[in-house]
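Architecture at a glance
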Amino acid sequence: YQNPQLEMLKTLAGHCAGALERIWAQEALGDFVERLKVLHAAVSAINASFELERICQVVYETVSQVMPCNDFVIDGYDPKSNEIVPIYAIEEPGRRVITNRYVADHGMAGEIVRSKTSLLFNNEDQIENSGILFEVYGSYEEEQTKSILAVPMILHGDIYGMVSAQSYQENAYNTEDIYLLEVLASHAAIAIENARLFDSIHKLANTDPLTGVLNRRRFFELAELE
C-alpha cells in the first residue's frame, strides 16, 4: 500500500530539487559573466601599459577579484640558460616578495615549462603526491597552501613563463578558474614582452652602444630637468 500524500510529497520534492538546480545554475552563470566582465576590463588596462610592474600589478589585482588568491606568482622562462626568471610575486597579506633565478628542473614553474599545460591541486594530498619539488619563497609560518592553480604563458607558440594563484583553502579552484587564468596569462605574456621591448628600445635610444653610458642627447635632457 502506498500513501498518496507521501507520493505527492516525493513528487513535489523532485520538482523543488529541479527548480533549485536551475536557480543555482543561473546564479553560477551570472557569477561567471561578472568575472568575465572584470577580466575584459583588466585586459584593456594590461594592453595599455608598457610598464612591467604595472602590468603585473593589474594581473595580480584581477586574479584576486575573480578567484581566491592568498599568494601569487608570475615567472618568466629563459630558454638559453634553461632558467626560471622570477618577475612578480606576492605573499599574504599582499607582501611583495623578491626571489632569485633557478634552473627549470624543479618547482611549479619548472613543471609548467616541461609540460606546457595547466596544473590544478585542490588539497594538500594532491600537492604532496604531485611529485613536484616546489621552489619555496617568502615565509609559511602562519598558513599552509592547500590549493594551487598554475597556467603557462605561451608566446608565439613557445613557453614564456607561468602565472600561478594559490589559496590557503581546500577546493579553491575549478575549471572556470583555469579558463579565466589562461586567458589572462595569454594577454600578460604579450604585454610583458612588449614592456621589455619598449624598455630595450628606450635604453638603446639613450645610451652609447660602445660605452653603455648616456648619450649626449639624453645627458642634455637630464641636465635641463636639473
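Here, every reference points to the structure presented above.
Computed from a predicted model, the values in this text were never measured in an experiment.

Conventions and cut-offs
- Residues numbered from 1 in each chain as written.
- Predicted model: local features only at pLDDT ≥ 70, side-chain atom pairs only at ≥ 80, totals over all residues.
- Heavy atoms only, no water.
- Buried < 20%, exposed > 50% of the residue type's maximum accessible area, 1.4 Å probe, protein only.
- Helix = DSSP H or I, 4+ residues; strand = E, 2+ residues; numbered from the N terminus.
- Pairing = 2+ DSSP bridges.
- Core = buried A, V, L, I, M, F, W, Y, C linked by side-chain atoms within 4.5 Å.
- Contact = heavy atoms within 4.5 Å.
- Phe/Tyr/Trp six-rings, centres within 6.5 Å; stacked < 30°, edge-to-face > 60°.
- Expected span 1.5 Å × (residues − 1).
- Polar contact = N/O pair within 3.5 Å; in protein donor to acceptor, adjacent residues only side chain to side chain.
- Salt bridge = Lys/Arg side-chain N within 4 Å of Asp/Glu carboxyl O.

**What to know about the pairing of strand β6 (residues 147-155)**
Burial analysis of β6 places 8 of its 9 residues in the buried class, which makes it a mostly covered element. Here 3 bridges tie strand β5 (residues 119-121) to β6, and the two strands are oriented antiparallel to one another. Among the inter-strand pairings, Leu-119 is bridged to a residue of β6, identified as Ala-150. Taken together, the 9 bridges between β6 and strand β7 (residues 158-167) define a ladder with antiparallel strand orientation. Counted as the bridge partner of Ser-147 is Ser-167 from β7.

**Some details on the nonpolar core**
Residues Val-63, Met-67, Phe-72, Ile-74 and Met-153 are the most contacted members of the largest nonpolar core, which totals 37 residues. Where this core is concerned, the elements lending two or more residues are α1 (4-47), α2 (52-66), β1 (71-78), β2 (83-91), β6, β7 and α5 (175-206). Of the residues forming this core, the biggest block, 10 residues, is contributed by α5. Once you skip the residues sitting within four places of it in the chain, Met-67 turns out to touch Arg-35, Leu-149, Ala-165, Tyr-173, Asp-177, Leu-180 and Leu-181. Among the nonpolar cores identified, the runner-up in size contains 17 residues, and Tyr-77, Ala-109, Val-113 and Leu-119 belong to it.

**Overview of the packing of aromatic side chains**
Taken as a whole and judged by the stated rule, the model has 4 aromatic pairs. Consider the rings of Phe-72 and Tyr-88, whose centres lie 6.3 Å apart with planes at 70°: the pair is edge-to-face. Here the residue Phe-72 occupies a position in strand β1, and Tyr-88 occupies one in strand β2, the gap between them amounting to 16 residues. Here Phe-72 and Tyr-88 have matching classes, each one buried. Through successive ring pairs, a cluster of aromatic residues spans Tyr-60, Phe-72 and Tyr-88.

**Structural notes on α2**
Every α-helical turn comprises 3.6 residues, leaving residues that sit three or four positions apart pointing alike. The terminal C-alpha atoms of α2, which comprises 15 residues, lie 22 Å apart, in line with the 21 Å expected from a rise of 1.5 Å per residue. Inspection of α2 places Ile-55, Cys-56, Val-58, Val-59, Tyr-60, Thr-62, Val-63 and Val-66 among the buried residues, and these make up the whole buried set.

**Points about the pairing of β1**
Most of β1 is tucked away, with 7 of its 8 residues classed as buried. Pairing of β1 with β2, which is carried by 7 bridges, proceeds in the antiparallel orientation. Residue pairing for β2: Asp-75 is matched across the bridge by Pro-86.

**Overview of the side chain of Asn-122**
By secondary structure assignment, the location of Asn-122 is in the loop between β5 and α4 (124-128). Here Asn-122 falls in the buried class, since its relative accessible area comes to 11%. Reaching out from Asn-122, the side chain makes a polar contact with the side chain of Ser-147 at a distance of 3.4 Å. In contact with Asn-122, not counting residues within four places along its chain, are Lys-146, Ser-147, Glu-170, Asn-171, Ala-172 and Tyr-173.

**Side note on the side chain of Asn-70**
Of note, Asn-70 is situated in the loop between α2 and β1. Within the local environment of Asn-70, its side chain forms a polar contact with the backbone nitrogen of Tyr-168, the two atoms lying 2.8 Å apart. Those residues within four positions of Asn-70 in sequence are excluded, and the remaining contacts are Ile-90, Glu-91, Glu-92, Gln-166, Ser-167 and Tyr-168.

**Re the pattern of salt bridges**
Pairing is possible between side chains that carry opposite charge, provided their charged atoms lie close to one another. Summed over the entire model, instances satisfying the criterion amount to 8 salt bridges. Between Arg-96 and Glu-53 there is a salt bridge; the shortest N-O distance is 3.1 Å. Within this pair, whereas Arg-96 is found in strand β3 (residues 95-96), its partner Glu-53 is found in helix α2, the two being separated by 43 residues in sequence. Its relative accessible area of 34% is what places Arg-96 among the partly exposed residues. Salt-bridge contacts for Glu-111 lead to Arg-114; the nearest nitrogen and oxygen are separated by 2.4 Å. Residue Glu-111 and its partner Arg-114 are both found in helix α3 (residues 107-115); the two are separated by 3 residues, about one turn of the helix. Linked by salt bridges that have partners in common, Arg-35, Glu-176 and Asp-177 make up one network.

On their own, these measurements won't tell you what the molecule is for.
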